Amino acid sequence: MQRRHRGPSRPHALIQSIKFFASAKVPRSRGQARAACHDNTGSATVEEPIDLLVIGGGTAGIVGAKTAVRLGARTILVEENRTGGDCLWTGCVPSKTLLSAAAQAAADREASGAEPDFDSIRRRIREAIRTIEPEDSPETLEAFGITVLQGTARFTTPGEALVNGKLIRFRQALIATGSAPSIPPVEGLQEVPFVTSETIWDLPSLPSRLLVLGGGPIACELGQAFARLGSRVTLLVRSGLLPQEDAEAADLVHASLERDGVNVLLHEEAQHVCSTRGTTVVTTTAGQEIEADMILVATGRTAHTATLGLDALGVDCDERGQVLIDASMRTASRSIWAAGDVTQYPKFTHLAGVYASTAASNAVLGLRRSVGQVVPRVTFTSPEVAAVGKTAPAGPGQTTSTVYLKDTDRAVTEGAQEGFVRLVIGARGRILGGTIVGPRAGESLGELAVAVSQKMSTRQLAQITHPYPTYSDALWNAAIAHARSGLDSRFARTATGVLSGLVRHREERRRRRRLP
Ligand SMILES: Cc1cc2nc3c(=O)[nH]c(=O)nc-3n(C[C@H](O)[C@H](O)[C@H](O)COP(=O)(O)OP(=O)(O)OC[C@H]3O[C@@H](n4cnc5c(N)ncnc54)[C@H](O)[C@@H]3O)c2cc1C
Ligand SMILES: NC(=O)c1ccc[n+]([C@@H]2O[C@H](COP(=O)([O-])OP(=O)(O)OC[C@H]3O[C@@H](n4cnc5c(N)ncnc54)[C@H](O)[C@@H]3O)[C@@H](O)[C@H]2O)c1
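A quick note: this is a predicted structure, and the numbers were derived from the prediction, not measured. (Residues numbered from 1 in each chain as written. Chains lettered and ligands numbered in written order. Predicted model: local features only at pLDDT ≥ 70, side-chain atom pairs only at ≥ 80, totals over all residues. Heavy atoms only, no water.)

**Thoughts on helix α2 (residues 59-70)**
Next, step 1: Taking 1.5 Å of rise per residue, the 12 residues of α2 would be expected to cover 16 Å, and the 16 Å separating its terminal C-alpha atoms lies within 8% of that figure.
Next, step 2: When you tally the buried positions in α2, you get 11 out of 12 residues, the bulk of the element.
Next, step 3: Within the span of α2, buried status applies to Thr-59, Ala-60, Gly-61, Ile-62, Val-63, Gly-64, Ala-65, Lys-66, Thr-67, Ala-68 and Val-69.
Next, step 4: Looking at the packing, one finds that the buried side of α2 touches β2 (50-55), β3 (75-79), α3 (85-89), α6 (138-144), β7 (166-175) and α9 (349-365).
Next, step 5: Within two residues after α2, Gly-72 carries a phi angle of roughly 90°, on the positive side. (Helix = DSSP H or I, 4+ residues; strand = E, 2+ residues; numbered from the N terminus. Expected span 1.5 Å × (residues − 1). Buried < 20%, exposed > 50% of the residue type's maximum accessible area, 1.4 Å probe, protein only. Contact = heavy atoms within 4.5 Å.)

Put into structure tokens, the structure is as follows:
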């Protein structure tokens, strides 16, 4: 089942907001970008290099190229597969559609015992992709003013790259080639059928027993979805679940997965895999044997850099092949920039788009603006886990304020009381970050991201009236609880005591003056 296919990703609707940076249509008047290609036999057709060569047509590549064109740069985007990238074809769009269909399937099963139709779910996923896809198509990008070339790019020198044997000369280049699933070196794995986040969408039928290797966002989201559709799912996880997240949040996801029937095995790995009479048997490091009809490998990512010819440019990569860049998105080579999953930064669509926009404008305008470090993220399990900034106190003077959904009226009215909001708070009540767990947690995260990036204090957030009854009441109440605890401190009590004494004294004096 394992098939390597790298779909281009997409800045589609999610990236509408990023299009704030790269929006207006640019008249297709230039043509210089196309003319800058020449063959490598020496018969150059144009001498002048293009302004920006973008390699990769996923979210990072598309947003980067649009930003550059918007700034007047002659831009070529090279994509070896389909423009749109992981997010559109094999990532966010299919996985969020699947999660929605699986939640509906679980509700239907509970209500009427009806089992889901896997074919219609696959059709729904295809339809979601088909609806969004035109936004990222080569035609749309060309209409925007980007020259799109289909092919595999490889650098030859700092100012030149080969695409399908043609030489392209460029002033600046943006590497946006994304990443692929890492396949762990488990004995026997390559000999049995397995899928990854790239190929699971091609499964013709629902596997009755699915073994998932990994415990990150992909394993948790897809593991829960397949369990809700009716597969018997086992998660085999080297670490704890969602190791990047607040431990109590991860515990709630763990409990929820188990309620959906998922068998979660933590701090254990696959040691050996073999196939016996059509069934795959995985032996774990703890000596357990698990039978499965299909394995999903979700154990992290490897960057697409091996064939880019980066050695010739002096661009540094880490051991996972990730391009190392500074805060302005520039590599060790002055004219080479990178953004998205190919870099060492966290791997999210919104980050790929925003960082690529900064990289492209820095490259084209000769700037060194730094990217923002406030990174919101959402794992779309049930309950959702949304986080931004610090998720635990990390120094003296830092504290937390937590409000549970069982104390939040909207959650009580909806019978969805599992979850919480936890703020991490620093000196003078400054909000440093936090975690939101519960239904639609991701929808409340934007407000917390604003509070963190604007360096707001709990007192400032507490002063903003929130509508009742909403889930964001929990966030508000966490801020109010902390701001109020400040008022309860000994210093604050002394200060308010002194203040009210002064007022009493002043009023007494006025009263005496009025006496005859
Ligand atoms: C199952 C799953 C669910 C996800 N869900 C979410 C989510 O809900 N929210 C979220 O924010 N993120 C999510 N992500 C992560 C998100 O998909 C990625 O962060 C994002 O797609 C990265 O975009 P990119 O442009 O860096 O890379 P990609 O989208 O991978 O694009 C890279 C492109 O470069 C092309 N390419 C590679 N090498 C070359 C070459 N030499 N020449 C030419 N072209 C080349 C590839 O074909 C590809 O089209 C999810 C990922 C997965 C796998
Ligand atoms: N909702 C979202 O935003 C979303 C959804 C899916 C993916 N993503 C992005 O895609 C990236 C990749 O996701 P991922 O879940 O593949 O990777 P990950 O790196 O986040 O998690 C990998 C997990 O696999 C475990 N693991 C590693 N090797 C293992 C082995 N041999 N056996 C068993 N377990 C092993 C790790 O302990 C960890 O729990 C994420 O970091 C995230 O940025 C985002």
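**Structural notes on the state of the cysteines**
Next, step 1: Counted under the stated rule, the structure contains 1 disulfide.
Next, step 2: Free of any disulfide, Cys-220 has its nearest neighbouring cysteine sulfur in Cys-92, separated by 16 Å. (Disulfide = S-S within 2.5 Å.)

**Remarks on helix α7 (residues 217-229)**
Next, step 1: Given a rise of 1.5 Å per residue, 13 residues ought to cover 18 Å, and the 18 Å separating the end C-alpha atoms of α7 matches this to within 8%.
Next, step 2: For α7, the buried fraction is high: 11 of the 13 residues fall into the buried class.
Next, step 3: Restricting attention to buried positions, one finds in α7 the residues Ala-219, Cys-220, Glu-221, Leu-222, Gly-223, Gln-224, Ala-225, Phe-226, Ala-227, Arg-228 and Leu-229.
Next, step 4: Positive phi shows up at Gly-230, right after α7, with a value of about 125°.

**With respect to the pairing of strand β13 (residues 270-276)**
Two faces, one strand: in a regular strand the side chains alternate between the faces of the sheet.
Next, step 1: Pairing geometry for β13 and strand β14 (residues 279-284), over 6 bridges, is antiparallel. Within the sheet, the bridge partner assigned to Val-273 lies in β14 and is Val-282.
Next, step 2: The antiparallel hairpin formed by β13 and β14 contains 2 residues in its connecting segment, where Arg-277 sits at a positive phi of about 45°. (Pairing = 2+ DSSP bridges.)

**Considering the UniProt feature "domain: Pyridine nucleotide-disulphide oxidoreductase dimerisation" (unreviewed entry) in the protein chain**
Next, step 1: The sites that UniProt annotates as "domain: Pyridine nucleotide-disulphide oxidoreductase dimerisation" (unreviewed entry) are residues 375-478.
Next, step 2: Between the end C-alpha atoms of residues 375-478 there is a gap of 21 Å, over a span that is 30% helix and 28% strand. (UniProt positions renumbered as here; feature names shortened; annotations may be inferred.)

**A short note on the packing of aromatic side chains**
Next, step 1: Considering all chains together, one arrives at 4 aromatic pairs under this definition.
Next, step 2: Between the aromatic rings of Tyr-345 and Tyr-355, the centroid separation amounts to 5.1 Å while the plane-to-plane angle is 80°, which identifies the pairing as edge-to-face. Taken together, the positions of Tyr-345 in the loop between β18 (336-338) and α9 and Tyr-355 in helix α9 put the pair 10 residues apart, joining distant regions of the chain. When sorted by exposure, Tyr-345 lands in the same class as Tyr-355, which is buried.
Next, step 3: Centre to centre, the rings of Tyr-404 and Phe-420 are 5.8 Å apart; their planes meet at 55°, and the pair counts as tilted. Highlighted residues: Tyr-404 in strand β21 (residues 399-404) and Phe-420 in strand β22 (residues 420-425), separated in sequence by 16 residues.
Next, step 4: By relative accessible area, Tyr-404 is classed as partly exposed at 29%.
Next, step 5: Across from the ring centre of Phe-420, 4.5 Å away, lies the NZ or CZ of Arg-422, which sits over that ring. (Phe/Tyr/Trp six-rings, centres within 6.5 Å; stacked < 30°, edge-to-face > 60°. Lys NZ or Arg CZ within 6 Å of the ring centre and 35° of its normal.)

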